[in-house]
Amino acid sequence: FDPTELELPAGVNAIRLRGEGGRHDLVFDDNKVPGFKVEVETNGESDELKLDLKPGEYTYYCSIPGHRASMEGTLTVT
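Being a predicted model, the structure only gives us computed values, none of them experimental.

## Describing the overall build of the chain
Helix and strand counts for the chain come out as zero helices and seven strands. In sequence order, the chain lays out its α and β elements as β-β-β-β-β-β-β. Taken against the 2.2 N^0.38 rule, which gives 12 Å for 78 residues, the C-alpha radius of gyration of the chain at 12 Å falls within 12% of a compact globule. For the C-alpha atoms alone, the extent of the chain along its principal axes is close to 30 × 20 × 20 Å.

As structure tokens, then:
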């Protein structure tokens with residue numbers, strides 16, 4: 001993921017994933033945002049969802065098997 005560290009204000013935000021090189025998704029660890037998942041299948045495709053974030057630290061990653069080791073980041077909500 002690029003970037004691997006993000007900061008957003010608390011409240012409603014849009015999270016967009018843009019595909020660059022194959023199938024990927026973005027989900028949050030520890031069930032902090034149940035049901036949230038953006039997915040892309042091909043290069044140039046994008047997917048976006050809005051969510052209401054509370055202050056804290058969230059780990060995001062690609063849940064495709066074998067991808068998490070190189071596709072993980074941290075979102076800090078202030």
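Now that the structure is up, let's keep going.
## A few points about the nonpolar core
Within the largest apolar cluster, 14 residues are counted, with the highest numbers of intra-cluster contacts made by L26, F28 and F36. The set of elements that each furnish at least two residues to this core consists of β2 (11–18), β3 (24–28), β4 (38–40), β5 (46–53), β6 (56–61) and β7 (72–77). If near-sequence neighbours (up to four positions away) are discounted, L26 is found in contact with F1, I15, L17, F36, K37, V38, Y60 and Y61.

## Focus on the sheet that holds β7
Taken in spatial order, the five strands of this open sheet run β1-β7-β6-β3-β4, and their pairing is mixed. Among the strands making up the open sheet, the edge pair consists of β1 (5–8) and β4. Direction aside, neighbouring strands of the sheet carry axes that sit 20° apart on average. Judged from the six bridges that link them, β6 and β7 form a sheet pairing that is antiparallel.

What counts, and at which threshold
Residues numbered from 1 in each chain as written. Predicted model: local features only at pLDDT ≥ 70, side-chain atom pairs only at ≥ 80, totals over all residues. Heavy atoms only, no water. Helix = DSSP H or I, 4+ residues; strand = E, 2+ residues; numbered from the N terminus. Rg over C-alpha atoms; globule rule 2.2 N^0.38 Å. Core = buried A, V, L, I, M, F, W, Y, C linked by side-chain atoms within 4.5 Å. Buried < 20%, exposed > 50% of the residue type's maximum accessible area, 1.4 Å probe, protein only. Contact = heavy atoms within 4.5 Å. Pairing = 2+ DSSP bridges. Axes fitted to C-alpha atoms, helices over the stretch in contact; angles between N-to-C directions.

The analysis is restricted to geometry; functional conclusions fall outside its scope.
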